[in-house]
There are 6 protein chains.
Amino acid sequence: MRHDGRNPNELRNIHIETNYLKHPEGSVLITVGDTKVICTASVEERVPPFMRGEGKGWITAEYSMLPRATGTRNIRESSKGKVSGRTMEIQRLIGRALRAVVDLEAIGEKTVWIDCDVIQADGGTRTASITGAFVAMSLALDKLHRKKNFTSFPIKDYLAATSVGVVKHAGVVLDLDYVEDSAALVDMNIVMTGSGKFVELQGTGEESTFSASELQEMLITAEVGINNLIGFQKDALGDIVNFIDDRQVLESGQK
Amino acid sequence: MRHDGRNPNELRNIHIETNYLKHPEGSVLITVGDTKVICTASVEERVPPFMRGEGKGWITAEYSMLPRATGTRNIRESSKGKVSGRTMEIQRLIGRALRAVVDLEAIGEKTVWIDCDVIQADGGTRTASITGAFVAMSLALDKLHRKKNFTSFPIKDYLAATSVGVVKHAGVVLDLDYVEDSAALVDMNIVMTGSGKFVELQGTGEESTFSASELQEMLITAEVGINNLIGFQKDALGDIVNFIDDRQVLESGQK
Amino acid sequence: MRHDGRNPNELRNIHIETNYLKHPEGSVLITVGDTKVICTASVEERVPPFMRGEGKGWITAEYSMLPRATGTRNIRESSKGKVSGRTMEIQRLIGRALRAVVDLEAIGEKTVWIDCDVIQADGGTRTASITGAFVAMSLALDKLHRKKNFTSFPIKDYLAATSVGVVKHAGVVLDLDYVEDSAALVDMNIVMTGSGKFVELQGTGEESTFSASELQEMLITAEVGINNLIGFQKDALGDIVNFIDDRQVLESGQK
Amino acid sequence: MRHDGRNPNELRNIHIETNYLKHPEGSVLITVGDTKVICTASVEERVPPFMRGEGKGWITAEYSMLPRATGTRNIRESSKGKVSGRTMEIQRLIGRALRAVVDLEAIGEKTVWIDCDVIQADGGTRTASITGAFVAMSLALDKLHRKKNFTSFPIKDYLAATSVGVVKHAGVVLDLDYVEDSAALVDMNIVMTGSGKFVELQGTGEESTFSASELQEMLITAEVGINNLIGFQKDALGDIVNFIDDRQVLESGQK
Amino acid sequence: MRHDGRNPNELRNIHIETNYLKHPEGSVLITVGDTKVICTASVEERVPPFMRGEGKGWITAEYSMLPRATGTRNIRESSKGKVSGRTMEIQRLIGRALRAVVDLEAIGEKTVWIDCDVIQADGGTRTASITGAFVAMSLALDKLHRKKNFTSFPIKDYLAATSVGVVKHAGVVLDLDYVEDSAALVDMNIVMTGSGKFVELQGTGEESTFSASELQEMLITAEVGINNLIGFQKDALGDIVNFIDDRQVLESGQK
Amino acid sequence: MRHDGRNPNELRNIHIETNYLKHPEGSVLITVGDTKVICTASVEERVPPFMRGEGKGWITAEYSMLPRATGTRNIRESSKGKVSGRTMEIQRLIGRALRAVVDLEAIGEKTVWIDCDVIQADGGTRTASITGAFVAMSLALDKLHRKKNFTSFPIKDYLAATSVGVVKHAGVVLDLDYVEDSAALVDMNIVMTGSGKFVELQGTGEESTFSASELQEMLITAEVGINNLIGFQKDALGDIVNFIDDRQVLESGQK
């Protein structure tokens, strides 16, 4: 049914290469099918003005595409002199999602800058960015944790994102590539934690609508994808997994 | 439980004043509690460059707040020289939502510009904007329809938006005002049609998460609110209701 | 002679609704014929950098129009990314005019931000803005005065503005609406005090000129309008009038 | 009484050097005391989009200062990325003033670009710009007229500008320099024609006001200055004066 | 003598991976030591407005760095809303250099967009960009050539770039890395062709100067580097080398 | 051979008028043939943020052209809202060149702002700017030196710039005017000191290349021009020459 032969609830090929660049505190190259994103995490020893003196940290994200990440060349946002609405939506989403699983008090007055730069796009760049950025951020915060910067390990849970949608002739499917995205009646991005909680849910019927039962089917499909993605993250993170697992247990006990 | 004594699934006071301004083809002042938004619909006899020659219409929206719509004065976006990410997100949402219930082929190569200007803010400005904009747009399109501009009445269904959320000490509630919004663990904006279909679902746990059961409770609560809001829209629209009802029946038959 | 039947020195219908919005320290909705402007006054507890340490206050104004305040929709200045020359001229005029009747030393290091947002335009928006802004500012400063923020009441005189012009077929007329403005050979905006002094005089012959005798006739006509406008301001200000009157007597004695 | 010993109605030293630059169709260096402005007129063979097809010409002006035209260095507007409100006011004024004495139909669909660049500032830069720009424009239009571009000579009258003001300790004075400008209670810029008609009148009491009798005294003083300035323009224009005189006679007959 | 043990005229490790991305007509990842740049070539079927109708092609380049390509994070130029002077200099240089070896008439009215995005920086990013961009451009033009788009193969010669400099304690050296660049008294970028001709020479003594004999030594050293770089380009280009060689012979015969 | 009859190594007419403006600490009008540039030097008692606390001074430059300095009018960069790549390249070059001959430690924490405003352009505006700016800067620093602001005279050597190029039909020539520049195969700008050292060398073959022997011929030709230009600078500088000569001797002894 799907143009590339996948099952409805099957992800594309996933690969996460850690420490991809030499300068950043954390970096990965995440590959989701033909979508490739460089995610880096940079630690700055101060917070934005509106947060100074609160003793809390901050996580913020920026997102961009190389001009020729796509089938036809896009004009650079630096040349246009302004960031598009789409870019702003995506980078606000990435930052918000990551903050949901980080103990900002534990970080202290530091900012973690997440940069997601899409070098090749084939659908799902924002969810690949979140999934990759979680790993890059974990690498950076682990580095600081090992240097005794924190009182406790600050990552409270795993976090991954994927898309689901209703595609013409294929119905509800997981992890849409560009071809499916173009034929989608409904497009939904879902960010979830390792404990199965929702962090963000954005469903849109572009010039279309969706019913309550379609919504339920999409939610179930997404959960399958999220669990698999977290599996790939754990493989990439190595023994950092121990710290996150411990903290996750602690958190679930407190609720 | 709620600071203003409302039931969990009770809207604030709603008022929709139609033909509020003399120049626009359609205009309303919508009041949702202390939130007040002027919504206008302006018809332009051409479409954006990327759509020319397709024979279809377009609907686009802009959103702004007066500097002192809020408790402390905000710097104008015109003075800053750029539109914020929040504004862009909102105006993209409004346009996308309205396009879901309009037959763009029926309009022909025209653009309907929706302007939502918040003159007083107390939470829920984006959902009030959508609910009001639907009425302003209906007034404008009805005017063109009466002048025989269209082959058929172009509005396929009602459309309204509201917010639901999980608020500390109050649980799942409908139509959050500013005080509740500030205390919300989860904030969800929902856009639905008169036929009970979803158009847009945006749920966010800011530095928090939500469970599947909380999600279901929010969805049920939202539906109550949407139905009530559509009731207010029908009162405001007068006999335009007949055209929309006819078209809605036609649409449901086709699906 | 005039297209709406007014006498040459007759104002349009004037209405000033005070405390129009809940958040600002002072606010009015001023209606001059079909021209409607929301004027707000917001008090900030600091002055711009170039004035710090002088112990004086500052009054500054911003002016904007809703996109569809006019017959055809205007592009928002926030979308264009810059404020037009016309807007800058008007907001500089409003601020300068108000400062002429305020004792800035008495205010201390505070800034009063005036925002004039035109929601419906039919000519004379800048003069309506000044007339309305004077009332909004008076409400805000009175509020601070009652809280013992000032050593003396800081408003030294009334201030209102109107337009006069030479219109084809109608001669010298007061308070031009949009139709008259479009047919005007000469357009003059005049700001005056309650004591009959000039604060600002801006007369322009767009692709035309005017003689000394036409100038004198316009000045006389304007004075009639200003006096009537100040009457409406006094009605709106209630017992704040007593403070202004006392200060006005004091000022005239000192000159 | 005046710090430089001038009589109240005495201009500073005036010098107008024509054909100052080799590229522009018309150019002057105008010197008013220590204020020096390069004024150029460039002719473009088309009009702005909003005027196309009307068969009329257009005159538009731009104004700028070298960064060190003033006592302390100003940041360039190109570095700031935007033109200030003051600059916009001035360039709108220059263009509007010149258009009042030009027969735009006679020019046909051409634009005359006026550029006024202040290389040294000592007060009165906007009025010096208008007075100089009139000469530069006349040189350019004369050149086109001699090439038979026009059906009739398009300049209908002379045009000059000066300032008057009420200065502390000196009273009403003509042509304020920077020192006087800084001590002025009232500042008025006046643009007049060779026939003694007003084109523009802009009087401002910055944190001050002025009476009707002060206004009359300023108007009389300004007229003396304008007449003298037009004398200097005539000397600079040489035999172009004949064409303007003829057209001026023609115009006064038609009124 | 050099901190990494290289000889004065020794390049760093060079690697050129062709067809690095799936969408662009030509793409490479070039590695020069720790400097890594993605170079893409995109073909657009039109030329800029100023060249239309001349029957010639155009080559233009853009250059950017990922925020964390460097030791500390740089703010994105899209966030700053403008492109820096350094970026503009570099992208103008890249485009100019490539145009020197391309027969623009042979291309016809097409634009080749070169994008050089530095993902990791360790000195010499602009010269690595040129060397990599030449290969990416060759891949793209070869693809069009094979599709019979051109009358003749349009690349007239090889082109590569490197840096030489005078470094404290090391003297004249080739291909400076970041550590050497920081200690350089003189920095020179040289672009040369396969035939040993200069295309661009930019030598700068930052807060220093250089003598005629130092200049000669730098020129000799650079030539060694350029020849080696062209060897790596030939390896990467495969049988495209035949086309360039043929054209190079043809060109040298014509001179 | 040259269109204006000059010998290949002959400069155009050079004139340097010092103290051209009354406000700046140093100013000249430099004339090179028909190219005229106003160069000013302004001293600010602080350095940019990145240099604070280092006890060193800074020299920075800005460059601009009047809109009608050229044959056809250019749009102002302030109107476009951004500075072009060409302007940035030039102003970076001017600042870098001047810093090479100034003892920044001797200046202390001051910034010298150089402004080069081209009022008439006929080729070679950037080199004329550097040559003129050196004189303006020397005048300003001499003024501070006489007021005992410095421990030692801070200018270490003379500095001038000129262009050489390979022009069709004329071969290697010095100081290209606009006509020659348009016909140049190679364009090279050279900045040198009074001691014959290179400060900056920028040679470009626009859609062309140049050989090693052409390079040598250009270098020899440039040196003639630089020496002559420094002669004109010395004439303009008067007895400031003594201070520079003394410092130059001191510097050459130290090397």
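Being a predicted model, the structure only gives us computed values, none of them experimental. Position labels on residues start from 1 in each chain and follow its written sequence. Numbering of ligands from 1 and lettering of chains from A proceed in the order in which they are written. Side-chain atom pairs in this predicted model are given and counted only at pLDDT of 80 or more, local residue features only at pLDDT of at least 70, and totals for whole chains, interfaces and linings cover all residues. Just so you know, side-chain values use all the structure's heavy atoms and leave hydrogens and water out.

Points about the confidence of the model for chain A
Note the threshold: Confidence of the predictor at the level of single residues is captured by pLDDT, which takes values from 0 to 100.
Overall, the predicted model of chain A reaches an average pLDDT of 95, with 100% of residues at or above 70. Predicted as a complex, the structure gets a pTM of 0.90 and an ipTM equal to 0.94.

Brief notes about the pairing of strand S6 (residues 159-167) of chain E
Residues and elements named next belong to chain E. Threshold: Relative accessibility decides the category of a residue: with a 1.4 Å probe and only protein chains considered, values under 20% of the type maximum give buried, values over 50% give exposed, and everything between is partly exposed. Every helix listed is a DSSP run of H or I at least four residues long, and every strand listed is a run of E at least two residues long, numbered separately from the N terminus. Two strands are said to pair when DSSP picks up at least two bridges between them.
Burial runs high along S6: nine of the nine residues are buried. By the alternation rule, side chains of S6 split into Leu159, Ala161, Ser163, Gly165 and Val167 and Ala160, Thr162, Val164 and Val166, which are all buried. In the sheet, S6 pairs with strand S8 (residues 184-193) via nine bridges, with the strands oriented antiparallel. By the bridge assignment, Leu159 is partnered in S8 with Thr193. Sheet analysis places S6 next to strand S7 (residues 171-174), joined by four bridges and oriented antiparallel. Of the residues in S7, the one forming a bridge with Gly165 is Val173. The hairpin formed by S6 and S7 contains three residues between the paired strands, and His169 there has a positive phi angle of roughly 70 degrees.

So, the UniProt feature "domain: Exoribonuclease phosphorolytic" (unreviewed entry) in chain A
Residue and element names in this part refer to chain A. Selection rule: UniProt positions are given in the numbering used here, feature names are shortened, and annotations may be inferred rather than shown by experiment.
Sequence positions flagged by UniProt for "domain: Exoribonuclease phosphorolytic" (unreviewed entry) are, in local numbering, residues 10-139 and 157-222. Annotated as 29% helix and 31% strand, the span residues 10-139 places its first and last C-alpha atoms 27 Å apart. Along residues 157-222 one finds 24% helix and 45% strand; the C-alpha atoms at either end are 18 Å apart.

Points about the sheet that holds strand S1 (residues 14-18) of chain E
All names here are of chain E. Let me state the cut-off plainly: For every element, the axis is a line fit to its C-alpha atoms; helices are fit only across the contacting stretch, and the angle between N-to-C directions ranges from 0 to 180 degrees. In this analysis, two residues are considered to be in contact whenever any of their non-hydrogen atoms come within 4.5 Å of each other.
Pairing within the open sheet is mixed, and its five strands lie in the order S1-S2-S3-S5-S4. Strands with a single pairing partner mark the edges of an open sheet, and in this sheet they are S1 and strand S4 (58-65). Neighbour to neighbour, the strand axes of the sheet diverge by 15 degrees on average, direction disregarded. Pairing of S1 with strand S2 (residues 26-32), which is carried by five bridges, proceeds in the antiparallel orientation. Within the sheet, the bridge partner assigned to Ile14 lies in S2 and is Val32. The strands touched by helix H2 (residues 85-99) are S4 and strand S5 (111-120); relative to S4, the strand with the most contacts, the crossing angle is about 145 degrees. Along the sheet, helix H4 (residues 125-146) contacts S1, S2, strand S3 (35-44), S4 and S5; its crossing angle with S3, the most-contacted strand, is approximately 35 degrees.

Re empty space enclosed by the protein
The criterion, for reference: Detection works on a 1 Å grid of protein atoms alone, calling trapped sets that fit a 1.4 Å probe cavities and calling open sets with protein on both sides within 12 Å along at least five of seven lines pockets, with lining residues defined by an atom within 4 Å of a point. Grid points are joined across faces, edges and corners, and a volume is the space filled by probe spheres set on the points. Residue classes follow a fixed rule: Ala, Val, Leu, Ile, Met, Phe, Trp, Tyr, Cys and Pro count as nonpolar, while Asp, Glu, Lys and Arg count as charged, and any other residue, Gly among them, counts as polar.
One pass over the full model with this rule turns up 15 cavities of 30 Å³ or more. Size it by volume and the largest cavity reaches roughly 80 Å³. C:Glu89, C:Ile90, C:Leu93, C:Arg96, C:Arg126, C:Gln202, D:Glu89, D:Leu93, D:Arg96, D:Arg126 and D:Gln202 together form the lining of the largest cavity. If you list the elements that add at least two residues to the lining of the largest cavity, you get helix H2 (85-99) of chain C together with helix H2 (85-99) of chain D. Considering each element in turn, the lining of the largest cavity owes the most residues, four residues, to H2(C). A per-class count over the lining of the largest cavity returns three nonpolar, two polar and six charged.

Brief notes about the UniProt feature "binding site: phosphate" (unreviewed entry) in chain A
UniProt records the feature "binding site: phosphate" (unreviewed entry) at A:Arg86, A:Gly124, A:Thr125 and A:Arg126, using the numbering of this structure. Sequence-wise these annotated residues cover 41 residues; spatially they are packed, their C-alpha atoms never more than 13.4 Å apart. With respect to the helices and strands, A:Arg86 occurs in helix H2 (residues 85-99). Residue classification places A:Arg86 among the partly exposed positions, given a relative accessible area of 29%. Those residues within four positions of A:Arg86 in sequence are excluded, and the remaining contacts are A:Tyr63, A:Met65, A:Thr125, A:Arg126 and B:Arg92. The residue A:Arg126 is located in helix H4 (residues 125-146) in this model. Note on A:Arg126: relative accessible area 19%, which makes it buried.

Considering the relation of the copies chain B and chain A
What counts, and what does not: Least squares is the method used to superpose the copies, on C-alpha atoms of residues holding a pLDDT of at least 70 in both.
If you rotate chain B by 180 degrees and push it 0.0 Å along the axis, it lands on chain A with an RMSD of 0.0 Å. When the rotation and shift are considered jointly, the pair of chain copies conforms to a two-fold rotation axis. No C-alpha of chain B lies nearer the rotation axis than that of B:Gln202, which sits 2.3 Å from it. Here 100% of the interface residues in chain B have copies in chain A that are interface residues too; the copies meet face to matching face.

Quick word on the interface of chain B and chain A
Size of an interface, as often reported, equals the accessible area lost when the parts are brought together. Which entries qualify depends on this criterion: Counted as salt bridges are all cases of a side-chain nitrogen of Lys or Arg within 4 Å of a carboxyl oxygen of Asp or Glu. We call two N or O atoms a polar contact when they sit within 3.5 Å, provided that within protein one can donate a hydrogen and the other can accept it, with sequence-adjacent residues counted only if both atoms are side-chain atoms.
Residue-level contacts link 35 residues of chain B with 35 residues of chain A. Taken together, the connections running from chain B to chain A amount to two salt bridges. The salt bridge partner of B:Arg92 is A:Glu89, with a shortest N-O separation of 2.6 Å. Our enumeration of links across chain B and chain A arrives at 11 residue pairs in polar contact (both at pLDDT 80 or more). Of the residues contributing to the side of chain B that touches chain A, the split by class is 13 nonpolar, 11 polar and 11 charged. Pairing geometry for strand S9 (residues 198-204) of chain A and strand S9 (residues 198-204) of chain B, over five bridges, is antiparallel. When the bridges of S9(B) are listed, A:Glu200 appears paired with B:Thr204.

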